[in-house]
Every structure is written in C-alpha cells, then in structure tokens.
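Listed here are the chains, written in short residue letters.
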Amino acid sequence: MRYLPLSDADRTAMLARIGVTDIDALFADIPADKLLKAPVDLPRRKGELEVERQLGRLAAKNVSASSVPFFVGAGAYKHHVPATVDHLIQRSEFLTSYTPYQPEIAQGTLQYLFEFQTQVALLTGMEVANASMYDGSTGTGEAVLMAHRVTKRRKAVLSGGLHPHYAEVVRTLSHMAGDTVVTAPASPLADEDLIARIDGETSCVVVQNPDVFGNIRDLRPIAAAAQAKGALLIAVFTEAVSLGLIESPGAMGADIVVGEGQSIGNALNFGGPYVGLFAAKQKYVRQMPGRLCGETVDAEGQRGFVLTLSTREQHIRRDKATSNICTNSGLCCLAFTIHMTLLGEAGLKRLARINHANAVKLADALAGVKGVSVLNKAFFNEFTLRVPGKAADVVEKLAGKGVLGGVPYSRLAPEAGLDDLILVASTEVNSDDDRAAFVAALKEVL
Amino acid sequence: MLNNQGRPTAAGEATGTAHPTFTGNQALQVEEALLFEIGRADCTGVDLDEPAPFSPRLGGLERKAPIGLVGLSEPETMRHFVRLSQKNYGIDTGLFPLGSCTMKHNPRLNEKMARLPGFSDIHPLQPQSTVQGALELIDQLAHWLMVLTGTSAVAMSPKAGAHGELAGMMAIKAAIDAKGEGAVRNVVLVPESAHGTNPATAALIGFVVKPVPARADGTVHVDDVTALLGPDVAAIMLTNPNTCGIFEPQIVEIAKAMHEAGAYFYCDGANFNAIVGKARPGDLGIDAMHINLHKTFSTPHGGGGPGAGPVVLSDRLARFAPLPFIRKDGSHYALVETPDQAGDVQAFGRVTAFHGQMGMYVRALSYMLSHGSDGMKQASEDAVLNANYIRAGLQDLMSLPFPDHPSMHEALFDDSWLKDTGVTTLDFAKAMIDEGYHPMTMYFPLVVHGAMLIEPTESESRASLDLFIMTLRDLAMRAKRGETERFSAAPYHAPRRRLDETRAARNPILRWTPPQPIQQAAE
C-alpha cells in the first residue's frame, strides 16, 4: 500500500523487538469476540488512477458554477479566486501543520493569524477579532451565547432578515441550552419593527446586513435601542465583499460582528469548509469563543506570536470554557488572508463596486421581464425577485435551460409562505452574456 | 583543506551567533515583516477594471472612511507567504508525534480530487438535480463510515470533532426529551482524562458534568461507572481508545451498564484510527461517536483546521439526527432539509448552514478508496505497531505510567524519570525542536504528571522511528547527566527562541495598530 512505509520484514522485526509474535497481541485489550477476524465488507485498495476515475465520474455528474450563467448566493458566493491563493495554501508547511501549540516552529501560522485578525477587525470596524470559527452560521450561534454571558440574560431576538439556516442554528443551540429565542417574521421588504421586540430581558438583537433578501439595513437605530435596554447588537453578514462598499457594522454600533468569510479566497465547496469571522469590542474579549493569536517577544527580545488568553478555552477551562470549539478553519483563514492581501483596500473596494454594478444591471434587466419585480430599494450584490407562480419551479426550469438562477426562498424557509421569491446574486464573474442568458431563459420559463 | 580552485571546502570554527547578519536573516531563514508594515493602501495584486459609471443603490449607507487595509503586488504576496511558510513545521517536514492529533501523511491525490470543479465549484443551494454526484459521494462516504463503525446512521454535517460531539450530545438530549425525562436526566459522566471538548460540549447544552475516576492502570472500571449511575444520568462521554492510549477493556460492560440505567454512551472517536478495521464501535455498544476525518482519514490539519466531524448514531439515536441528511430514492438522491420532509426522523434542528464539509468528504473518501478495507486495517496495525516500537525503545529510560496494558496508537510517558534533573516536560519538548522534531503532546492527559503522549502514526518508516528513538534516548541521557542548559533555554535553532506566553496574556496585543507618532521632547 503506497502510503505505508513498513515492509513485512520490518513488521516481523519490530514485533520481535517489542517482544510479541503476533500483531493481535497488541490488540489484546479488545474483547476477543469483538476483534474482527477479516477485513470489513468494503472494496479493497485501489491505485491512484482508479481512484481518480471513480471520483471523477461522481464529479462529472454535477453542474459546476463556472460552467453556466450562475446567480446563486444566499450565504455562499461565487467569486474569482487568484491562482496564487490556492498555490500558497497548498505549501506543505501550511497544509500539513497543526494548531500552533509549539509557537517557536509555528510562526508562519501565527503571523498570518495575527494578520487575519487585523484584517477582520478593520473590515468589520471592531477592535478585536478571533482566529476564526467553523462558518458564519455556527459563529452566529456562538455570538448569541457570548451575548448571554456578557449581559447575564438569556433571550435573543432574531431579525426576520437573518438567513433561515443561521436562525435555525441559533434556535437549535438555544433550545438545547434552555435559552429563549424570539424570531421576527420574514421581512422581504426590511420593514420589520425589531425595536419593539427588545425588552429588559433581551440579551441581544441579531441583524444580518445585507439581509437574506439582499436589503441593506441601517443598524444605527437598532444598536441605539438595544444598548438603551442593556442588550447587545450582533451584526451578521454572509457576503464579506459587501464590507468593501457598505458602512462597517462597527461604525453602525455593533457590539459583536460575525460573518461568513467564504467569499474571500475560498471556493464554494458545496457548503464547506468555510471560515467564520468573529469580531467584538475589546471590553468583551475575555468572553469571546475560539482561538486568539497575540503578539509577544522571545527570549532574545525578538517579536513573535503565540496563541493567547487560552484560559477561555476548553483545553484549559473544560466545562467552564466560553465554547467547546477546538479545530477551527485555519487553512481557510489563510486563503482569506492571502486573497485580502492581493486585493488590498483599493482592490477590495473596486471588487465591491463591480459586484454592485453587476447586480444593479441584472436587477434592471430582470425587472423588465413581464410579471417579474425586484423588491429591494437598496442592495449590494443580491436582491429578491418576485415571480408569478412558484419560485422553486421557476428555478428548476431555469436549471433545465442551463441557467442557475438563484435560490427559491421557500427552500430555506418553507413555513414562511413566501413561495414566489427568488434570491438572486450577481458577482464579478457574471458577464453581459450571462445576464442576457438569464433574462432570455426567464422569459421562456414564465 | 582547499579544493583545486583554492577555495576552502569546510567551514571555519566560529559559530553563527558570533556573526550576526546585517539583515537579521540566517541564510534560508528570512525575517518577514508584518503585512501591515510592508503593504500599501493603494497597492493591489489583482487587476480589476473599474465598472462603467452607474447610480449606486446602497441606500445612503456607503462606507465613507478608509478601511485601513493594505495590499501587495503578486510577487510580493508570494514572497511574504512563502517566507512565513518556512517558519512552520509540517508533517512533510518530519516526524510529528503529536499524541491524540494523528499527524499522518496527507496524500496529495486527495487535494487533487477535492479540487475537481464538480466538487469544489458547486453551490450548496443550487438545484438538487444539478448536484446528484455530490450527494452520491456524501452517501458513499456515509456508507463507509457506517460499515467501519458498525452503526446504522450518521449525521454528516458537523464541522469538526467538537462540533460532532455537540451534534451527538444534542441527539442524546433530544432522545431523553422525547422520553419525557429531560427535566431529570441532566448529568453527564466524563473521565478526568477526557479531551477538554467533552466537558465543554456537555456544559454548552446545559448538562452537569461529573467526573469518573480512572483506576491505577489508566482505565475506567465498570464498577466505578455503576456507582455513579442513577435516574439523573443522561450519558457517559468516554474516549476509546482512551487518551492514555489504552483500549478500555471494560467498554462493553460500561455500555451495558449505561443502557440498563436508561442512559446513553457517547464515544469520543478521536482515537478511532487505532482500531479501524480491527473492531467496530457499534459492536461495543456505543450510541454516538464523532469521527475526525482530519485525524483518522488523513484530511490535512491545515494549521488548525478545517476539520470535519460526522457523528455515527446507534439505532437508539438514529431517529434524532440533525438536518440536513440524504435520502436515496431509487437512483435519485434527495436532500432532506426541513422537518416536514424528514418523515420518521424527529430531527432536533440544524447545527450548521448547508450540508457540512464537502471538501473534507472528498479527501476522506479518496483516502478510503485508496486504502480499501485491507489497507485501512493494515494502517491501524502499523500505527499501533509503531507506537509500541517507540515504547519498547524508550521504556528503560523514560517512565511509563501504565505499563500493564499494551499501547494502542500512542505511547504515554510521564515525567517521573526527569525527577531531580531540573528538566521539565516542556524543556524536553523544546529540545526536541532543536533536533528537528515536532514535540509530542505535552501535559495531556491531565491525569498523568508532566505527560508526554507520542503518536508516530503509520506513516513513519522503521528507519525514521529508529532515528527518533535514538534521538530521544540521547536527549534523555543528557537530561539525566545534568546537561540542563541544553533544555532550559531550548530551542536554540528554531526561527524564534522560547516565546513569552505570560506576557502575551497579561497585555494582549491581538492586532496590528499603526505606530504612534513619537512625542516631541518639549511636550
């Protein structure tokens, strides 16, 4: 077997050195009747070529985003990732390293984590950021728990514009922990009255911006109202590129900011792995979940980096830890950091303007199709289309025409009764031809 | 000695430290400034055209102030991150015996497969008719996991080991609630040797954690578990093989005792790599067990993630799986994403957006197909053989806290052999760095003083193990001879000397900030 260096002669000699004659002597603690006598009922080993062919056949059954006019978003976005990013993250020293518990031989990981934390703090307009969560949705669940610890209250208020999957993750965690969640009804027009739902028991208000329908929200009145009642504002985003163009959540008063970082540096990957971004005000840092990288010096006074404030974490604090998270999204952070380094401030802002421009063009083009309307007044690179009939059917028919034209909102939240809405995203990858194909296909299927 | 061009062929006597360089660099070891010290606000390494003029529709919420980000051109970016990479130790650098973490070879075939556009470039919410191959792959991986563990269900979506623990414990809580015992059964038993994630997970969803003692031989005895059982006990969380590297001999009896008491058995599967193809946890009586695809099935650790933590479930828990899951209907694969589609499954909710770590699934299945049932059994045997070979090579010099059981995939030593040497486990670990090794796991498990947990994995050749053993023997003898300076200030040869972690925690600097202008002396 190509991955196993030992020969049978090695094995025999090593068993002799250990002082046993049979490998199963080392498995003697397994009850004899539970020790498998033969390999389990699965195929035997395969060479590289055969594995490539078998997996290649499965891959070929899927329609990849780059192969069609593609407008699917709703929490994960198709962006162009420079070749440099994927090359660098595959360097052995990054790819095959572990969590930097031995900092003297992990300064590469630690320095990029410090750079990542700085980039995330700047983007979100917050004072501190951690070294990542699994993704935006689990980060949102953790943010709610953190708000509970900070405020010593146990009720979260969720905006009806929060991605339904995110809301479900929060509700699942809260239900299990015995906490209360109030979820506002879905609000495609962003006209919900969240402020009225905040009371003296509320620990946090969770608002996504742009929201799942694509609307850009002014967080300032919500922040002020929440803070007046002693609650925190948790601002959520699913499209990190939007932060290049829209006012930062920190500047609008957020106490905790959490979001999905997939858009920068990471492929769609059918939903994972992604990278959760998590930032907060400095005064809450000791209540944050996850790893933090900090600056220090070595024995010769040279600057270096280490994981720090570990007394918050499970491996030290056990059942009193701020979270159970251990492994996070290390390599996806690296991809984010490299892509953000390549973009820089100038590149990110331009990328964001291109996304917005493309979405505006697409919205105007689609709004011209008979019976179709765009609901949003303000949006970034995603908007909501109202179509005659069932959105799910329309999207399926569009796929039949070779256009992946968005996400029916009913797929995310069938119980909402909003069966005629399609969430449509447009990024820098869409060309005029893509837009024309979408419009033509939509006219055909309606 | 000179060669025929009159050039010396050997170095002089002086050491490197006697000749500090102008740059601070040492040949291939190049110092690298922070991105924010070398980047520029107006520099970009991506060529994008400004869009044609248009009327923005941002509702007046445009960002007005600069963000503060900086950029680098492409060559500068390459150099920055390549230099950083050269300050890291990876599996491909050398033996990485980090116990409990399973730093085995990461096959590059798996990377290539995960990057096929049909897997990497598909969206989790595109129509299911356009991702049938992806769903089939997940279904195949689920099948392999169930066969290898002897279980009948698996929740695929958890994002890492601790997240799998959370999903498994949520299933247990849901099952208890369904029986109407939620108000009563709120205690979870956890041995003190457990990973910190176990008690943290249980506490996260409101369970009260009670410790289970281990016996002097490093194992949990069924009588000690039974003594703690009562109507208030929801579950036990037990790692098997345990964190001391021992297969729990009474695991079947413990499972039986839990079930008789109306409670559940959560198995921490972090060490499943020792027994793949040798024993099935389902046969042992477990109810839930997460599988770290990034340990047992070789997906890269990537400097701390991403991982993947599918959790297998017994018949008793299968009905309580989280959403989403895949249902096969003839040749069609359907994603069950909402409770109304779930049928008999009383899904307890959702632990993450979308469907889990597809990129890791592809890598893990590529590993499994490559090994096959025969290769995976051999990998487990080699991992166990290698650990015991190291143990045999060191046990006369270093002390074994639990000599009565064979080690599984990792060998555990304590620090009693270092008594009176003035050298600590930490010092010893740092001296290993100078010898070109990543240290073993240190000070874990907590039940052993100054623990050193060595997991070589099946990826090491006999020659590599022999050199490792000789190196550790040499270090051990030096420690015993009183050569403390080699240890107390180690590492000497790493990119950094020992780092001050206390200072980092006392005055946390968690991000770069622009240097403050120097105040005028007159002010």
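Given the structure is predicted, the values throughout are model-derived calculations rather than measurements.

**Student:** Mind showing me how you'd approach the overall build of chain B here?
**Tutor:** Along the backbone of chain B there are 15 helices and 12 strands. Over its C-alpha atoms, taken along the principal directions, chain B stretches across nearly 80 × 75 × 60 Å. Residues classed as buried in chain B amount to 57% of the 523 residues present. Considering only contacts within chain B whose residues lie at least 6 apart along the sequence, 73% involve residues at least 24 apart.

**Student:** Any chance you could explain the pairing of strand β3 (residues 180-183) of chain A here in plain terms?
**Tutor:** Two faces make up the sheet, and in a regular strand the side chains alternate between them. Residue and element names in this part refer to chain A. Summarising the sheet, strand β2 (residues 155-158) and β3 pair through four bridges and their orientation is parallel. In the sheet register, A156 faces β3, and the bridge partner there is V181. Read from β2 through helix α7 (residues 164-177) to β3, the crossover connection turns out right-handed.

**Student:** Quick question: what am I supposed to make of the interface of chain B and chain A here?
**Tutor:** How big an interface is tends to be stated in terms of accessible area lost as the parts join. Counting from both sides, the interface comprises 175 residues of chain B and, opposite them, 164 residues of chain A. Among the elements that take part in the side of chain B that touches chain A, helix α11 (residues 358-394) of chain B stands out by supplying 22 residues, more than any other. Of the residues assigned to the side of chain B that touches chain A, the class counts are 88 nonpolar, 55 polar and 32 charged.

**Student:** Explain the domain arrangement of chain A to me, please; I cannot follow it from the model alone.
**Tutor:** Residue and element names in this part refer to chain A. In terms of domain boundaries, chain A breaks down into domain 1 (67-81 + 345-445) and domain 2 (83-339). In this structure, domain 1 and domain 2 have C-alpha centres spaced 27 Å apart. Of the residues lining the interface, 29 residues belong to domain 1; the matching set on domain 2 comes to 29 residues. The set of elements that each furnish at least two residues to the side of domain 1 that touches domain 2 consists of α10 (330-367), β11 (382-386) and β13 (421-425).

**Student:** What am I meant to see in the sheet that holds strand β10 (residues 373-374) of chain A here?
**Tutor:** The pairing of strands in a sheet comes from backbone hydrogen bonds and takes either a parallel or an antiparallel form. All names here are of chain A. Pairing is antiparallel across the open sheet formed by four strands, whose spatial order is β10-β11-β13-β12. The open sheet is flanked by β10 and β12 (407-408), the only strands paired with a single partner. Pairing analysis gives two bridges linking β12 to β13, with the strands arranged antiparallel. Paired with P408 across the bridge in β13 is I422. Contacting β12 and β13, helix α11 (residues 391-400) crosses the sheet at an angle of about 45° to β13.

**Student:** Whenever I open this one, the confidence of the model for chain B confuses me. Can you help?
**Tutor:** Reading predicted coordinates in detail is not appropriate for stretches of low pLDDT. Scored by pLDDT, chain B has a mean of 95; 96% of the residues are at 70 or more. Listed scores for the predicted complex are pTM 0.97 and ipTM 0.98.

**Student:** Help me understand the packing of α10(A) against helix α13 (residues 432-445) of chain A in this model?
**Tutor:** In helix packing, the relevant descriptors are the interaxial angle and the interaxial distance, both defined with respect to the helix axes. Residue and element names in this part refer to chain A. Following both chains from N to C, one finds α10 and α13 inclined at 25°, their axes separated by 10 Å at the closest point. Judged by the angle between their axes, α10 and α13 are roughly parallel. The interaxial crossing formed by α10 with α13 has right-handed handedness. From α10, K361, L362, A365 and L366 reach across to α13, where they touch R435, V439 and L442.

**Student:** Hey, could you run me through the sheet that holds strand β10 (residues 411-413) of chain B in this one?
**Tutor:** Residues and elements named next belong to chain B. Strand order in the open sheet formed by three strands is β10-β12-β11, with antiparallel pairing between adjacent strands. The open sheet has two edge strands, β10 and β11 (441-442), and neither has a second partner. In this structure, β10 lies alongside strand β12 (residues 452-454), joined through three bridges in antiparallel fashion. Following the sheet pairing, F413 is matched in β12 by M452.

**Student:** Could you clarify how one ought to interpret the nonpolar core in this entry?
**Tutor:** For soluble globular proteins, nonpolar side chains are generally found buried alongside one another. Core analysis: the biggest nonpolar cluster contains 311 residues, and V205(A), V206(A), L233(A), I234(A), A171(B), I172(B) and L313(B) have the highest contact counts within it. The greatest single-element share of this core, amounting to 20 residues, is contributed by α10(A). Each of two domains, domain 1 (67-81 + 345-445) and domain 2 (83-339) of chain A, supplies a minimum of three residues to this core.

**Student:** Sorry, what's going on with the packing of α11(B) against helix α13 (residues 462-480) of chain B here?
**Tutor:** All names here are of chain B. Contact pair α11 / α13: the axes reach a minimum separation of 10 Å and the direction vectors enclose 35°. Judged by the twist between their axes, the crossing of α11 over α13 is right-handed. Each of N386, Y389, I390, G393 and L394 in α11 lies in contact with α13, whose residues at this interface are L465, F468, I469, L472 and R473. Within the contact of α11 with α13, the residues separate by chemical class into seven nonpolar, two polar and one charged.

Rules and cut-offs
- Residues numbered from 1 in each chain as written.
- Chains lettered and ligands numbered in written order.
- Predicted model: local features only at pLDDT ≥ 70, side-chain atom pairs only at ≥ 80, totals over all residues.
- Helix = DSSP H or I, 4+ residues; strand = E, 2+ residues; numbered from the N terminus.
- Buried ≥ 20, exposed ≤ 12 C-beta atoms within 10 Å, placed from the backbone.
- Contact = placed C-beta atoms within 7 Å.
- Pairing = 2+ DSSP bridges.
- Right-handed = clockwise from strand over helix to strand, strands pointing away.
- Nonpolar A, V, L, I, M, F, W, Y, C, P; charged D, E, K, R; others polar.
- Domains from an automatic or database assignment.
- Axes fitted to C-alpha atoms, helices over the stretch in contact; angles between N-to-C directions.
- pLDDT = per-residue confidence, 0-100.
- Parallel < 35°, antiparallel > 145°, perpendicular 65-115°, else oblique.
- Left-handed = near helix turned anticlockwise from the far one by under 90°.
- Core = buried A, V, L, I, M, F, W, Y, C linked by C-beta atoms within 7 Å.

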